Structures are given as structure tokens and as C-alpha cells.
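Listed below are the residues making up each chain.
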Amino acid sequence: MNKIFYFDNAATSFPKPQEVAASIYEYIQKFAANPGRSSHKLSIESAKKVFETRENLAKIFNFENSEHFIFTANATESLNIVLNGYLNENDYILTTFLEHNSVLRPLNFLKKTKKININFIEFCPQNGIDFDDFYEKLKDKTPKLVIINHASNVTGKIVNLNKILDLKKEFKFKLLIDGAQTGGIYNYNLKEQDIDFLALTGHKGLYGPQGIGVLFIRNPEILNPLKFGGTGSLSEKDIQPEFLPDKFESGTLNVVGIVGLNEGLNFIDKIRISKIAEKKEKLTGFFIENLKDINEIKIYSDTKNNSGVVSINIEKISPSKISQILDKNFNIATRPGLHCAPVIHKKLGTFPYGTVRFSFSFFNEIDELEYAINALNYITKNNKN
Amino acid sequence: MKAIIIMDSIHYILKAEKLLKKYGIKIDLIPVPKEVDSNCGNAIEIKNEEDLFKVNEILKNHKINFKVFKYNEELNFFVEIGG
């Protein structure tokens, strides 16, 4: 196959570091036994891989006890665990217009089933959320939970987390951060940053395979599990263990995914998150700089605090058509449409057709971006509509 | 085999293994002896009984729940001595 110019890393990062695939192959070939269910050598080897990955998460996200990192299927499951396991009848919650359907849909379900009260912090293109409005809403009523998408998967805007944490200190709410787009891009320090729940996925900025996610839980006693079942521990009891990580990890784990994630984590640890962020900043800056002089192109992202995502539209061509031409004629992979985040598109004025999203990874290079810019120039000039 | 420690789950067994090795304590991961009721099927054997005090201190400092069993030759049985 001819070279694919892959700019859909906010959906899933590709390619993965070589070690990710190699470790999964080795695991399946050599010791893919069930971890924590037996005491034979292979089971222990498998459990050691799970343990090592958890320890790696604790190191990279800077938290002392690795059992506070729970393995899930993806960020969506991590978010669902918190929303379903923490919110009760008539609870008041505050969230943002940046949210993905992984937050909006469970919240709307809970609105129906538990009559929760949902309020939105005003949108602000420069900062993602309007902090003055946030402050006013907190003054009006303290929410049981504040849910914030740390970086919009549509515009790439990273919200100022430390400013949110200052407000948390003052108003004492619990905080759920959706880190689907920021894990491996933003340098979290969970020892210092008082985030109650951090939802992550393994297959984007953490460079692991699909199907593995993570949830950081600071205080497990305030949260109910979503799943109950076998954990390999306390088998004589027919009630769920209360200790971590078992309380939230019923059923056989996705060790194949965990093993791959571990190598993704080793990769970002070796490169350093600050270097990855720096490279993304360079790519995003170059792309935006070169597109902004093309009159027919409207850009919905800016270079300040960007996770490596640029959303655009070309006058008089639908996003799906642009993405189709890029794929078919130029081998360029992008994502058109609403990106599972309908409410921010309403704020941007791009609902219901959305935008064309370019999202970069550490593996992208400037010459690939030059190729994409030339392709967009060509499409713009040759648009017959 | 003179003394063993057991924990709630394999995560804590592996966490204790990492910690105890770091402190230079000679240990081995073993399947739990049949006389001891272990939750996760695995145990840590403490090679030198005189390390038990240190083991106790290290695990408590790191807030790891555990139980210690010592082999009683007269009874031919493991007896719980603390945790």
C-alpha cells in the first residue's frame, strides 16, 4: 500500500511504537495465562505484567499507590463508572460544552432515571470554558460533581486544569476529568493536583492498543463499582471486595491490552511528555500558520494550549466530502463530522455537518503536513461548487 | 519454610515483593501452603526468620494489609502470628 498520511490520532494513534506490537505477540506466544487466578508460573508472570503496568501508570501520573489506577475498556467505561457509581437521585452537577457523548449520554440517561440536575459552564473559544461563569455558577450552588473534558477532541483546546483546581479548593466539589485527549500529552501530577477521578484511554496519547482504558480513583470508598463479579480474591465471600484494585476489576482483565499499554507508557516515559507536547505544538503551529492565509479555509482551533488537533472547513464543500477527497486522492486520513461531541459544534456554528479534523501524533513530521497543506490548497483551488 | 505472609490479592503480593526486595530481604513467591487460607493463592516466603520484624515494619509503613504465619513443628501446622 502507498504511504498513508495519518492525521486521525485523536481517534486513535497510529502507528504505535514497535515495542507495543512486539510485546503483545510475545505475551500471547509465551505466557498469556490468567493473572491473579492461580499460583502457577505463567499466571504469576501474567500478573507481574499487570502489576508492572500499574506501577508505570503511578510513575508517569505521579501518584504513590498504583492500586488507585483501575483497568477498564476505554475512557468511556471509566467515565461511566464514575457517573453511575457516584451520582444519586436529584444530584446537581456542573459540566461543559466541550464534552464528548461519553459524558453527555450517560448524564442524559441519569437525568431521566435519577432526575439529576445538569448545568453547563459557558463556552469560551480562548479558554474552552468561561471561568467567570464557572465561578458564578459555583457561588450559586455547590455541585456534587464537576465534569470537565480536559481537552476538546474537536478544537484541541486544553482547559487550564490548575485554575479549576484553585476553584475546587475554594468550593470543595468533587472533580472528574476526562483525560481521553490529554493522557500522554499533558503532564499530570496526581500527588499535587487534587483530581478525584481521572478517566483515560490507552490507545491515543498513551500509544497502547485499543480496548484498554484506565480510571484513577483517589477515594474508592465514595464510589460504587459498575461491574461485580470474580476477582480472584476473597473467593469464599459472595460480596464484592472493598479493596483496590479488585473492587472495580471484576472478570478477567484485558492483559493483551495492558501489556501493549505498558510499552506505550515506556515509550512516552523515554521520550518525555514535555517533548511530545513540544513536538505537537510545533506541528500544530506550522499547520495553522500555513492554512490561515487561505481565504476559503476557516480554522476552528488556535495554537495556544492545543493538544495537537486542528479543525477546519473549506467554503462550500461539506466536511465529509473534503475528508473523502483527502482519503481517495491524497491518501490522507482525517475525521469529518461531529466527532461524537455535538454540543461544542453548536457553539462553533458547525452543527450538524461538523468540521474536518486533523490530529497529530509524535510520529508525524513537518513534511507530511506540507503535503496535507498542498492537498488542501489544491482542493480549494479546484473546487467547482 | 519457616514463615510466610499472605495478602488480599496478587497486586499486594507483588507490591510487597518489590518493596521487600528493595530493602534487601530474602524472599520467594510460593503457592500458599494448604493449611493456610489465602485469598489469592500466593504467598511470600520469608527466608530468614530474623527479618520478620523488618518485614512487619516495611509493610505497615506502606499500608499493605497482610497476615504472617509461622510453621509450628510440634503441630506440623502454620500458625497465624500477626499482621
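Residues numbered from 1 in each chain as written. Chains lettered and ligands numbered in written order. Predicted model: local features only at pLDDT ≥ 70, side-chain atom pairs only at ≥ 80, totals over all residues. Heavy atoms only, no water.

### Some details on the overall build of chain B
Along the backbone of chain B there are two helices and five strands. Each helix (α) and strand (β) of chain B, taken in turn from the N terminus, gives the series β-α-β-β-α-β-β. Relative to a compact globule of 83 residues, whose C-alpha radius of gyration would be 12 Å, chain B shows 12 Å and is just as compact. Dimensions of chain B, computed from C-alpha atoms along their principal axes, come out at roughly 35 × 25 × 20 Å. Every one of the 83 residues in chain B was classed for burial, and the buried ones make up 49%. Residue pairs in contact within chain B that sit at least 24 positions apart in sequence constitute 59% of those at least 6 positions apart. As displayed, chain B has an accessible area near 4500 Å², and 48% of this comes from carbon and sulfur atoms. Each charge class in chain B can be summarised by its mean position, and for the 13 positive and 13 negative side chains these summaries are 8 Å apart. (Helix = DSSP H or I, 4+ residues; strand = E, 2+ residues; numbered from the N terminus. Rg over C-alpha atoms; globule rule 2.2 N^0.38 Å. Buried < 20%, exposed > 50% of the residue type's maximum accessible area, 1.4 Å probe, protein only. Contact = heavy atoms within 4.5 Å. Areas by Shrake-Rupley, 256 points an atom, 1.4 Å probe, with all protein chains shown as cover. Lys, Arg positive; Asp, Glu negative; His and termini not counted. Charge placed at Lys NZ, Arg CZ, Asp CG, Glu CD.)

### Notes on the packing of helix α8 (residues 273-291) of chain A against helix α11 (residues 366-381) of chain A
All names here are of chain A. α11 packs onto α8 with a crossing angle of 25 degrees between their chain directions and a minimal axis gap of 10 Å. Taken together, the axes of α8 and α11 are roughly parallel relative to one another. Between α8 and α11 lies a crossing of right-handed hand. Seen from α8, the contacting residues are Lys 282, Leu 283, Phe 286, Phe 287, Asn 290 and Leu 291; seen from α11, they are Ile 366, Leu 369, Glu 370, Ala 372, Ile 373 and Leu 376. Here the contact of α8 with α11 is composed, by residue class, of nine nonpolar, one polar and two charged. (Axes fitted to C-alpha atoms, helices over the stretch in contact; angles between N-to-C directions. Parallel < 35°, antiparallel > 145°, perpendicular 65-115°, else oblique. Left-handed = near helix turned anticlockwise from the far one by under 90°. Nonpolar A, V, L, I, M, F, W, Y, C, P; charged D, E, K, R; others polar.)

### Overview of the packing of aromatic side chains
All names here are of chain A. Following the criterion strictly, the structure yields 25 aromatic pairs over all chains and no others. Ring geometry for Phe 267 against Phe 363: centres 5.4 Å apart, planes inclined by 20 degrees, an arrangement best described as stacked. Of the two residues, Phe 267 sits in helix α7 (residues 255-271) while Phe 363 sits in the loop between β15 (355-359) and α11, which places them 96 residues apart along the sequence. Their ring planes at 70 degrees and their centres at 5.9 Å tell us that Phe 330 and Tyr 378 sit as a pair that is edge-to-face. On the criterion of sequence distance, the pair formed by Phe 330 in helix α9 (residues 319-330) and Tyr 378 in helix α11 is long-range, its members being 48 residues apart. Pairwise contacts between aromatic rings join Phe 61, Phe 63, Phe 69, Tyr 186, Tyr 188 and Phe 216 into one cluster. Lying over the aromatic face of Tyr 86, Lys 144 brings its terminal NZ or CZ to 4.3 Å of the ring centre. The ring centre of Phe 351 lies 4.7 Å from the NZ or CZ of Lys 346, which sits over that ring. (Phe/Tyr/Trp six-rings, centres within 6.5 Å; stacked < 30°, edge-to-face > 60°. Lys NZ or Arg CZ within 6 Å of the ring centre and 35° of its normal.)

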